[in-house]
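Structure assessment
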Amino acid sequence: MKKISVILMGCGGVGRQLIQHIVSFRSLHAKMGVHLRVVGVSDSKSLVVPIDDVLKEELDDEVLSEVCSIKSAGSPLTTLGALEKGGCRVFNGSESRRETEEIAQLLGLVVVDCSASSDTVEILTKAVDLGCCVVLANKKPLTSTLEHYDKLVLDPRRIRHESTVGAGLPVIASMNRIISSGDPVHSIVGSLSGTLGYVMSELEDGRPLSQVVRAAKTLGYTEPDPRDDLSGMDVARKGLILARLLGKRIIMDSIKIESLYPEEMGPGVMSVDDFLQNGVAKLDQNIEERVKRASSNGCVLRYVCMIEGSSVQVGIREVPKDSPLGRLRGSDNIVEIRSRCYKEQPLVIQGAGAGNDTTAAGCLADIIDMQDLFH
């Protein structure tokens, strides 16, 4: 049985779902001749590890299930220590980082980052230096400085990050195959935000932006502050990851980003409640006019990322109503890749591009995909 040791950083929705997948699919992985040994789980403040030698022990499924229960209730991992749960120890603060690095030195690890933090990049680069593998759902390490990016991708065999773009959709894998074949990619156009995809398709049906944004928040499609989605920054991060994968040496400041709200309605100026009750309604007329103008041209509006040459742009574009992008509905993601081989008809990848389940499934597939690097 091939044993893969795993440390998971991040116990939010995606991290907890990944733990549940690992526990649920034990028999499937056993048939594949693989066993995933979870030897550490951390949140922003603490790290849980086996009570004994990590070379021999792992966190058992009962402890992993308890971790999920505690974090689902909004409690810190320190609660696990207070419960005196058998079979585990809890490290806090700087101790948790030091312990993570010590485990990485002892074991050939897969370090999985399901957090939403930019603070994990130093631990990740240290893990890479120690010969560990890295799996990312977190976009921020790959959109950090070029120095950090170069370190993370130094050995392409040891990093997987399918879930950073399009959740579990095979966008990164497809691009890697195209690149490996020597087929030059000419352009990429994608609707890469489930939230903004929903907003745009609802606008197409004639609903005002303010009503759509409020509904999206009620349905749980947006972040607690919808402006985190409406700013376009999340799409820009995904665009930067794709552009860097193509070898483009660019940084976030190089990307032209169209926000759906002006600076005077930003988080530092206007509260969330004020934005939802008063601010967003002031944007209705302009967006309505753009929707009508697009319709008169036989087009619809979509919030897209466009990569062509050295240019990366993120914002609202008119697209033909009968195109793959134009037919997109709801919160699905879609990516169109044009290359020498896919010149007339682009390679189109479409499907659920958000959600804890699909994102965690993408991470799990990435871990299993690295099994040949382990004994």
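Heads up: the structure comes first, above all this text.
Predicted model, so just to flag it, every value in this text is computed and none were measured.

As a further point, take empty space enclosed by the protein. Going through the model one piece at a time under the given rule, you end up with one cavity of 30 Å³ or more. The space that makes up the largest cavity amounts to roughly 40 Å³. Taken together, Val6, Leu8, Leu18, Ile19, Ile22 and Val38 make up the lining of the largest cavity. Elements that contribute at least two residues to the lining of the largest cavity include exactly strand S1 (2-9) and helix H1 (13-24). Looking at the lining of the largest cavity, the element that brings in the most residues is H1, giving three residues. When its residues are assigned to classes, the lining of the largest cavity shows six nonpolar, no polar and no charged.

Before going further, it helps to examine the sheet that holds strand S3 (residues 46-50). Across a sheet, paired strands are connected by hydrogen bonds in the backbone, their directions being either parallel or antiparallel. On the basis of which strands lie adjacent, the open sheet formed by seven strands has the order S4-S3-S2-S1-S5-S6-S7 and mixed pairing. The sheet terminates laterally at strand S4 (88-92) and strand S7 (159-160), the two strands that pair on one side only. As paired elements, strand S6 (residues 133-136) and S7 share two bridges and run parallel to each other. Bridge pairing links valine 134 to isoleucine 159 in S7. In the packing of helix H5 (residues 94-106) onto the sheet, the strands contacted are S1, strand S2 (34-42), S3, S4 and strand S5 (109-113), and the crossing angle to S4 comes to about 125°.

Before going further, it helps to examine the pairing of S2. Within S2, eight of the nine residues are buried, which leaves it mostly tucked inside the rest of the structure. Where S1 meets S2, eight bridges bridge the pair, whose relative direction is parallel. In the strand pairing of S2, serine 5 is matched with arginine 37. Here S2 hands over to S3 after three residues, the two strands then running antiparallel side by side.

The subject of this paragraph is the side chain of arginine 37. Along the chain, the position of arginine 37 falls in strand S2. There is a polar contact of 2.7 Å between the side chain of arginine 37 and the side chain of serine 5. In this structure the side chain of arginine 37 is engaged in a polar contact, spanning 2.7 Å, whose partner is the backbone oxygen of valine 54. Aside from chain neighbours lying at most four places away, what touches arginine 37 is Lys3, Ile4, Ser5, Val6, Val54, Leu55, Lys56, Glu57, Glu58 and Leu107.

All right, on to the side chain of serine 339 then. You can see serine 339 is positioned in strand S12 (residues 332-339). Within the structure, the side chain of serine 339 is placed 2.6 Å from the side chain of aspartate 183, a separation counted as a polar contact. With residues up to four places along the chain from it excluded, the contact list for serine 339 reads Asp183, Pro184, Val185 and His186.

For the rest of this paragraph, the subject is the nonpolar core. Among the nonpolar cores identified, the biggest contains 75 residues, and Leu109 and Leu242 are the most heavily contacted of them. The element that contributes the greatest number of residues to this core is helix H12 (residues 233-245), accounting for seven residues. Non-local contacts of leucine 242, meaning those with residues more than four positions away in its chain, are made with Val165, Val171, Ile172, Met175, Ile188, Leu192 and Ile307. Counting residues in each nonpolar core, the second largest holds 35 residues, with Leu8, Val14, Leu59 and Val63 among its members.

It is worth spelling out the environment of aspartate 155 at this point. When you line up the elements, aspartate 155 lands in the loop between helix H7 (146-152) and S7. C-alpha separation for the pair aspartate 155 and cysteine 133, spaced 22 residues apart in sequence, amounts to 9.2 Å.

Further remarks concern unusual backbone geometry. Positive phi outside glycine occurs at alanine 167, with the angle close to 55°. Along the chain, alanine 167 turns up in the loop between S7 and helix H8 (171-180).

Take the pattern of salt bridges next. Counted according to the given criterion, the structure contains 19 salt bridges. Salt-bridge contacts for aspartate 234 lead to lysine 139; the nearest nitrogen and oxygen are separated by 3.3 Å. Here aspartate 234 is found in helix H12, whereas its partner lysine 139 is found in the loop between S6 and H7, with 95 residues between them in sequence. Judged by relative accessible area, aspartate 234 falls into the partly exposed class, the value being 22%. Under the relative-accessibility criterion, lysine 139 is labelled buried at 17%. Put simply, glutamate 204 and arginine 329 hold a salt bridge, and the shortest N to O gap is 3.3 Å. You can see glutamate 204 sitting in helix H9 (residues 194-204) and its partner arginine 329 sitting in the loop between helix H15 (324-327) and S12, a full 125 residues away along the chain.

About the criteria used
Residues numbered from 1 in each chain as written. Predicted model: local features only at pLDDT ≥ 70, side-chain atom pairs only at ≥ 80, totals over all residues. Heavy atoms only, no water. 1 Å grid on protein atoms, 1.4 Å probe; cavity = no way out; pocket = protein on both sides within 12 Å on 5 of 7 lines; lining within 4 Å. Points joined across faces, edges and corners; volume = space filled by probe spheres on them. Helix = DSSP H or I, 4+ residues; strand = E, 2+ residues; numbered from the N terminus. Nonpolar A, V, L, I, M, F, W, Y, C, P; charged D, E, K, R; others polar. Pairing = 2+ DSSP bridges. Contact = heavy atoms within 4.5 Å. Axes fitted to C-alpha atoms, helices over the stretch in contact; angles between N-to-C directions. Buried < 20%, exposed > 50% of the residue type's maximum accessible area, 1.4 Å probe, protein only. Polar contact = N/O pair within 3.5 Å; in protein donor to acceptor, adjacent residues only side chain to side chain. Core = buried A, V, L, I, M, F, W, Y, C linked by side-chain atoms within 4.5 Å. Salt bridge = Lys/Arg side-chain N within 4 Å of Asp/Glu carboxyl O.

Scope: geometric values only; no functional claims are made or implied.
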